[in-house]
Amino acid sequence: CVSMYYHMTGFKGFEYDGPFSEFFDLFIHGMVEMGSWFEYEKAWWERRHDPNVLFLKYEDMHGNLQQSVQEIVKFLEMDVTPDVIEKAVEKSRFKAMKEDPAASMKWKDPLRKEGAPPFMRKGIVGDWKCHFSEEQSELFDKVFHEKLDG
């Protein structure tokens, strides 16, 4: 929700310029780009055991990037040296990606709204806690379980 908020308020192609609190309501009701995030995630989660789908979570990648890269290598059935894995890990770190114009979407700067934060903002886990009120957090959890449990 927070990432999508910054995406939609940061690019000129989107007309949303309101506060996060209003965006949250649109997000919860699936009235944002690509519709319901919950339905989108549910569709992919249901395919997580398909042989051609690898389901990775940002929190896991953030916690152990090396292991995540190794999972990707295994999934793709690649035969690579430990040096190649280490280079991939280093280039995949948030700091390295933020400094890389291609990865950080610097080439899209002309499409960004003036004063918008950079495309790659913080690279941390849990920033949603700085945006969600307690009521929003409870509502998100409620809708999450209604839509995705089972």
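The shown structure was predicted, so the numbers you read here are calculated from the model rather than taken from an experiment.

Q: Is there a simple way to think about unusual backbone geometry in this case?
A: The phi angle of most residues is negative, glycine excepted, and most peptide bonds adopt the trans form. The phi torsion at Met34 lies on the positive side, around 70°, for a residue other than glycine. Along the chain, Met34 falls in the loop between helix H2 (20-28) and helix H3 (37-45). A residue is classified by how much of its surface remains accessible, and Met34, at 61% relative accessible area, is exposed. The phi dihedral of Glu77 is positive, around 55°, even though this residue is not glycine. Within the secondary structure, Glu77 is located in the loop between helix H5 (65-75) and helix H6 (82-92).

Q: Help me understand H5 in this model?
A: Quick reminder: α-helices carry 3.6 residues per turn. Residues three or four places apart thus point the same way. Buried residues of H5: Leu65, Ser68, Val69 and Val73, and no others. Projected down its long axis, H5 carries its buried residues within an arc of 140°, all on one side. Check the buried side of H5 and you find it contacts helix H4 (58-63) and H6. Looking one or two residues past H5, Glu77 carries a phi angle of roughly 55°, positive in sign.

Q: Help me out: how do you make sense of the layout of surface pockets in this one?
A: Empty space among the atoms becomes visible once a probe the size of a water molecule is rolled across them. Of the pockets and cavities examined, the largest pocket occupies roughly 2300 Å³. Surrounding the largest pocket, 50 residues form its lining, Cys1, Ser3, Trp37, Tyr58 and Glu59 being those nearest its centre. Taken together, the residues of the lining of the largest pocket break down into 30 nonpolar, 9 polar and 11 charged.

Q: Honestly, the packing of H2 against helix H8 (residues 134-148) in this entry has me stumped. Any pointers?
A: To describe two helices that pack against each other, one gives the angle between their axes and the distance between the axes. It is at 11 Å that the axes of H2 and H8 come closest, and there the two elements cross at 10°. When the interaxial angle is binned, H2 and H8 end up roughly parallel. Residues Phe20, Ser21, Phe24, Phe27 and Ile28 of H2 pack against Gln136, Leu139, Phe140 and Val143 of H8. Here the contact of H2 with H8 is composed, by residue class, of 7 nonpolar, 2 polar and no charged.

Q: In this structure, what is going on with the environment of Asp127? I would like to understand it.
A: By the secondary structure assignment, Asp127 is in the loop between helix H7 (94-99) and H8. By relative accessible area, Asp127 is classed as buried at 7%. For the pair Asp127 and Val2, spaced 125 residues apart in sequence, the C-alpha separation works out to 8.0 Å. In contact with Asp127, not counting residues within four places along its chain, are Val2, Arg121 and Lys122. At 2.9 Å, the side chain of Asp127 and the side chain of Arg121 are in polar contact.

Q: When you look at the environment of Asn52 in this model, what are you seeing that I'm missing?
A: Among the structural elements, Asn52 can be located in the loop between H3 and H4. By relative accessible area, which is 56% here, Asn52 ends up exposed. Each residue touching Asn52, except ones within four places of it in the same chain, is listed here: Arg47 and Phe75.

Q: Before we go on, may I ask you to explain the environment of Val32 in this structure?
A: Along the chain, the position of Val32 falls in the loop between H2 and H3. For Val32, the contacting residues outside a window of four places in its chain are Met4, Met8, Phe23, Leu26 and Phe27.

Q: Whenever I open this one, the packing of aromatic side chains confuses me. Can you help?
A: Ring pairs (aromatic) are described by centroid distance and by the angle formed between their planes. This model, assessed by the stated rule, comprises 20 aromatic pairs. Measuring from centroid to centroid gives 6.5 Å for Phe27 and Phe140, while their planes differ by 15°, and the two rings are stacked. Within this pair, whereas Phe27 is found in helix H2, its partner Phe140 is found in helix H8, the two being separated by 113 residues in sequence. Classification of Phe140 by relative accessible area gives buried; the value is 15%. Here the guanidinium or amino end of Arg112 rests over the ring plane of Phe11, the centre of that ring lying 4.6 Å away. Between Arg121 and the ring centre of Tyr6, over which it is positioned, the NZ or CZ distance is 3.9 Å.

Cut-offs applied
- Residues numbered from 1 in each chain as written.
- Predicted model: local features only at pLDDT ≥ 70, side-chain atom pairs only at ≥ 80, totals over all residues.
- Heavy atoms only, no water.
- Helix = DSSP H or I, 4+ residues; strand = E, 2+ residues; numbered from the N terminus.
- Buried < 20%, exposed > 50% of the residue type's maximum accessible area, 1.4 Å probe, protein only.
- Arc of directions from axis to C-beta.
- Contact = heavy atoms within 4.5 Å.
- 1 Å grid on protein atoms, 1.4 Å probe; cavity = no way out; pocket = protein on both sides within 12 Å on 5 of 7 lines; lining within 4 Å.
- Points joined across faces, edges and corners; volume = space filled by probe spheres on them.
- Nonpolar A, V, L, I, M, F, W, Y, C, P; charged D, E, K, R; others polar.
- Axes fitted to C-alpha atoms, helices over the stretch in contact; angles between N-to-C directions.
- Parallel < 35°, antiparallel > 145°, perpendicular 65-115°, else oblique.
- Polar contact = N/O pair within 3.5 Å; in protein donor to acceptor, adjacent residues only side chain to side chain.
- Phe/Tyr/Trp six-rings, centres within 6.5 Å; stacked < 30°, edge-to-face > 60°.
- Lys NZ or Arg CZ within 6 Å of the ring centre and 35° of its normal.

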